Amino acid sequence: MIELSKVILGTMKYVNDKIMPRLDSVRRYSLGVYMMLLRINNPENVVVSILERPFFNILNIRTSDNKIDIDKLYEAMHEQMSTQKKIEFSIPMFGNFSFDDEDLKDLYGTIINQ
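About the thresholds
- Residues numbered from 1 in each chain as written.
- Predicted model: local features only at pLDDT ≥ 70, side-chain atom pairs only at ≥ 80, totals over all residues.
- Heavy atoms only, no water.
- Salt bridge = Lys/Arg side-chain N within 4 Å of Asp/Glu carboxyl O.
- Helix = DSSP H or I, 4+ residues; strand = E, 2+ residues; numbered from the N terminus.
- Buried < 20%, exposed > 50% of the residue type's maximum accessible area, 1.4 Å probe, protein only.
- Pairing = 2+ DSSP bridges.

A. Spotlight on the pattern of salt bridges. Throughout the structure, instances matching the rule amount to eight salt bridges. Taking the shortest distance from any N to any O, the salt bridge between D103 and R22 comes out at 3.7 Å. Of this pair, D103 sits in helix α6 (residues 101-112) while R22 is found in the loop between α1 (4-19) and α2 (25-40), placing the two residues 81 residues apart along the sequence. On the basis of relative accessible area, D103 is assigned to the buried category, the value being 15%.

B. How the structure looks around the pairing of strand β4 (residues 95-100). With six bridges connecting them, strand β3 (residues 86-91) and β4 associate as antiparallel partners. Considered in β4, the bridge of S90 is made with N96. With antiparallel pairing between neighbouring strands as the criterion, β3 and β4 make up a hairpin whose turn holds three residues, including M93 at a positive phi of roughly 80 degrees.

See below:
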């Protein structure tokens, strides 16, 4: 189990270190502004509101004291990624991205080392 705040910090660091450099200047600027506003508006509240939705709540990865079972989450994601190999997705305004098992390992490492 790891504190939700560490998951958020690790994810934000990953985005800053790994995603931002891949973007052109306009998208990098836009994502930077978005992340700054997220920091100002308490990202933990945003994430908790998402995790409280029934879709995520039934996954049982968050405790009542806002700790995340990061190992359980990573194992499930890793198992699916080993079958699927990579995922590709589009984020409006930021573009298309792909994410593979190496990216997943890197994200996990960044989170647990916070």
